[in-house]
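Survey of secondary and tertiary structure
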Amino acid sequence: MNILSKLTISYVVALLLIGIFTVTSQILIQNFLEKQQSEAIVINMAGRQRMLSQKITKHILLLGELSDSTALAEQHKQASIALNLWNEAHTGLIEGSEKLKLPKRVPSDSIKMLFADLKPHYEAVSVASKRILALPPENKEEFRVHLAQIIKHESTFLKLMDSIVSQYEREANRELQKLKHIEAILMVITLLILCLEALFIFRPIVAQTKKYVKDLNEKNALILATQQNLSTALEELQASEEELRQNFEELQATQDVLQEQKDSLEAALNNLSITQNQLIQSEKMAALGQLVASIAHEVNTPLGAIRSSSNNIQNALTKIIPSLPPFLQHLNESEAEAFKKTLLISASNTDLLSTREQRNLKYEVMEALEGWTVQEPEKMADILVELGIYKYLEEFRNICQSEKASIFLENAIHFSTLIKANNTINIASDKAAKTVFALKNFSRQDQSGVKQLININLSLETTLTLYHNHIKQNIEVVREFDDLPEIEVYPDELVQVWTNLLYNGIQAIKGKGKLFVKTQLLDSIVKVSIGDTGAGIPEDIREKIFNPFFTTKKAGEGSGLGLDIVRKLVEKHNGRIYFESKINVGTTFFVEIPF
């Protein structure tokens, strides 16, 4: 077997090994993605348990407050539905459920222990809820006993559910780390095989080719010498020509082998590019998962406010409609004007009083009413404080002392309830619409790989809206936006850049501080600054933060790919990213995109 055959066999073996490692890597990634999808369903259902638990408590509390039979029946129905869903989801988390798409799985010892700790609190809440739903409405004493049992165990249940969700997420992240280590090992082995192939296959092929060329040159010289002595060396010349033909065929075969090797290397590079794109997509899905709970909360909160306000409007209308026509008919001109002024004062009242402030105002108003010798001064004082009339008390003295005072104030408080409930619905619907609009913009980002004209300010506002639940409490967002033109970019990839930088800033602040978001138009460059008032980046790691797999977060909280992917996405736009940081002052990242 000649050296060329040996080199060919070695090349085929090396190529086969590379193929095996590539396929193995793809299989591992596919299995992990399927497992991650299953884990996401379990984590989502565990998070949903918290919402259902609170929903059960809300409906049960309303059962104790409402007196209208229709409203009681509706709350009883809603509480029963929530309780059934809660019990079904709890059983599914432990045993699996095809209906809820919860997989049958063997949980870890840590999760088993958490479910064991959760069990007595879950059973206590479940039993107490069922007993309350079975009670007749008039049995208030036993209702309060079971309600106290629910409240006692619900907070512990919610804390333990948070711990279970966190444990699920930690275990999923550990699996991700294992997969990344395996992929890194496979990548190193593949690169090692490529190096060995270059050293022990391509290098000998080049040397052999040089040898063939050298032999060919020598034989050409021999042919020239033979031509000068044609008559005496004809047979020798013919032999040389035959040998030259054989050498040419071998050279052609070598060229074909080199072409095949080139094609194989191009295929290997394509596979590496596909793997890189999958890592970018995985990081994007992780960022999207962080937003899901926040978006759900941002939508559910205004919906709850709208439902509550709708109930208040219905109750107020039920009480006011029967008595309103005769009441209005018996009002004289001054009383009608006073009633109109009462409604205007109530509608414009924006004072947010604490319980203590309300109590002090009530006592002051009661003291004045007792001096006027009115009937039911305590009840009247409560209504006057709620309407905001305590500021104009002397102007309503005649009304308070009249026989119509009670029905006058009762109708006024009903109208006030209608006005405030309507304002609440307007505010809540605007908030929900803003969140849904931002989510729609986010979900419609182009993923075709073609640049589109967008406004960078709008892209940043969409991302900030989606993170509103993370920043609305103790984080102040300082915006400073220039008037920017629309520029051609990859919209989906820019949103991923803002998502990573904003989330890093929120984590650096640790719950309280400021986020600075600024855009500038500099000649043919759009400059975006995203800063925070966190602890800053230590000097010894500043050169490493854009390195793949480098992270300062705790194990399981970060992959170390976020800033590396951000840098690549910015460079894809022919832009650059850099940062400035001061210890105990904060960090600012700068993204410059030419257009």
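Conventions we followed
- Residues numbered from 1 in each chain as written.
- Predicted model: local features only at pLDDT ≥ 70, side-chain atom pairs only at ≥ 80, totals over all residues.
- Heavy atoms only, no water.
- Helix = DSSP H or I, 4+ residues; strand = E, 2+ residues; numbered from the N terminus.
- Buried < 20%, exposed > 50% of the residue type's maximum accessible area, 1.4 Å probe, protein only.
- Contact = heavy atoms within 4.5 Å.
- Areas by Shrake-Rupley, 256 points an atom, 1.4 Å probe, with all protein chains shown as cover.
- Axes fitted to C-alpha atoms, helices over the stretch in contact; angles between N-to-C directions.
- Parallel < 35°, antiparallel > 145°, perpendicular 65-115°, else oblique.
- Left-handed = near helix turned anticlockwise from the far one by under 90°.
- Phe/Tyr/Trp six-rings, centres within 6.5 Å; stacked < 30°, edge-to-face > 60°.
- Nonpolar A, V, L, I, M, F, W, Y, C, P; charged D, E, K, R; others polar.
- Patch = residues over 30% accessible without salt bridge, like charges linked within 9 Å, V, L, I, M, F, W, Y side chains within 5 Å.
- Salt bridge = Lys/Arg side-chain N within 4 Å of Asp/Glu carboxyl O.
- pLDDT = per-residue confidence, 0-100.
- Pairing = 2+ DSSP bridges.
- Expected span 1.5 Å × (residues − 1).
- Polar contact = N/O pair within 3.5 Å; in protein donor to acceptor, adjacent residues only side chain to side chain.

Overview of the overall build of the chain
For the chain, the helix and strand inventory stands at 14 helices and 7 strands. Taking all 595 residues of the chain together, 39% fall into the buried category. Across the chain, contacts joining residues at least 24 apart in sequence account for 76% of those joining residues at least 6 apart. Here the chain displays about 34400 Å² of accessible surface, and carbon together with sulfur accounts for 56% of that area.

Some details on the packing of helix α7 (residues 355-371) against helix α8 (residues 377-387)
The interhelical angle for the contact between α7 and α8, taken along N-to-C directions, is 125 degrees, at an axis separation of 8 Å. Our classification of the angle between α7 and α8 gives oblique. The two elements α7 and α8 meet at a crossing, and its hand is right-handed. Contacts between α7 and α8 involve Gln358, Leu361, Lys362, Val365, Met366, Leu369 and Glu370 from the former and Pro377, Glu378, Met380, Ala381, Asp382, Leu384 and Val385 from the latter.

Observations concerning the packing of aromatic side chains
Summed over all chains, the structure comprises 6 aromatic pairs. Both rings, one in tryptophan 86 and one in phenylalanine 157, keep their centres 5.1 Å apart while their planes meet at 65 degrees; by these two values the pair is edge-to-face. Taken as a pair, tryptophan 86 in helix α2 (residues 69-95) and phenylalanine 157 in helix α4 (residues 140-228) lie far apart in primary sequence, 71 residues in all. With relative accessibility at 0%, the residue phenylalanine 157 sits in the buried group. Where tyrosine 578 meets phenylalanine 590, the ring centres are 5.1 Å apart and the plane angle is 25 degrees; that geometry is what we call stacked.

Re α8
Within α8, burial applies to Pro377, Met380, Ala381, Ile383, Leu384, Val385 and Leu387. Of the residues one or two after α8, glycine 388 is the one with positive phi, at around 85 degrees.

Examining the packing of helix α11 (residues 456-466) against helix α13 (residues 491-509)
One can describe the packing of α11 onto α13 by two numbers: an axis separation of 10 Å at closest approach and a directional angle of 50 degrees. Judged on the interaxial angle alone, α13 and α11 are oblique. By crossing handedness, the relation of α11 to α13 is classed as right-handed. Residues Ile456, Ser459, Leu460, Thr463 and Leu464 of α11 touch α13, and the partners they reach there are Leu494, Val495, Trp498, Thr499 and Leu502. Its residues placed into classes, the contact of α11 with α13 shows 7 nonpolar, 3 polar and no charged.

A short note on a nonpolar patch on the surface
On the surface, Ile9, Val13, Leu16, Leu17 and Ile20 cluster together into a nonpolar patch covering about 440 Å² of accessible area. Structurally, leucine 16 is set in helix α1 (residues 3-65). A relative accessible area of 56% means that leucine 16 is categorised as exposed.

A look at the confidence of the model for the chain
Chain-level statistics for the chain give a pLDDT mean of 77 and a share of 77% at 70 or above. Confidence drops under pLDDT 50 across residues 441-446; counting only partners more than four residues distant or on other chains, this segment forms 11 contacts. Below a pLDDT of 50 lies the segment residues 555-559, which in the model reaches 8 contacts outside its immediate sequence neighbourhood of four places, other chains included.

What to know about unusual backbone geometry
The phi dihedral of asparagine 574 is positive, around 60 degrees, even though this residue is not glycine. You can see asparagine 574 is positioned in the loop between α14 (562-572) and β6 (576-582). Located in the positive-phi region is asparagine 584, a residue other than glycine, with phi close to 65 degrees. One can find asparagine 584 in the loop between β6 and β7 (586-594). When its relative accessible area of 65% is taken as the criterion, asparagine 584 is described as exposed.

A short note on the pattern of salt bridges
Pairing is possible between side chains that carry opposite charge, provided their charged atoms lie close to one another. Applying the stated criterion to the full structure yields 14 salt bridges. Of the charged contacts, one joins glutamate 378 and lysine 362 as a salt bridge, the two residues approaching to 3.1 Å between their closest N and O atoms. Of this pair, glutamate 378 sits in helix α8 while lysine 362 sits in helix α7, and the two are 16 residues apart along the sequence. Among the residues examined, glutamate 378 registers a relative accessible area of 44% and is labelled partly exposed. One salt bridge connects aspartate 564 with arginine 567, and the closest N-O pair in it is separated by 2.7 Å. Linking aspartate 564 with arginine 567, this pair stays in helix α14, spanning 3 residues, or about one helical turn. Through salt bridges with shared partners, a single ionic network connects Asp564, Arg567, Lys568 and Glu571.

Quick notes on the pairing of strand β5 (residues 525-532)
Most of β5 is tucked away: 7 of the 8 residues are buried. Here strand β4 (residues 513-522) runs beside β5; their pairing, made up of 8 bridges, is antiparallel. Each bridged residue has a counterpart across the sheet, and for phenylalanine 516 the counterpart in β5 is glycine 531. Hairpin connection between β4 and β5: a loop of 2 residues separates the two successive antiparallel strands, and aspartate 523 in this loop has a positive phi of roughly 55 degrees. Where β5 lies against β7, 8 bridges are found, and the strand directions are antiparallel. Note on β7: the bridge partner recorded for serine 529 is phenylalanine 590.

Observations regarding α2
With 27 residues, α2 should cover 39 Å at 1.5 Å per step; its first-to-last C-alpha distance of 39 Å lies within 8% of that length. All of the buried residues along α2 are Ala71, Leu72, Gln75, Ala79, Ala82, Leu83, Trp86, Asn87, Ala89, His90, Gly92 and Leu93. The opening residue of α2, the one whose side-chain oxygen lies 3.2 Å from the backbone nitrogen of threonine 70, is aspartate 68. Positive phi shows up at glycine 96, right after α2, with a value of about 90 degrees.

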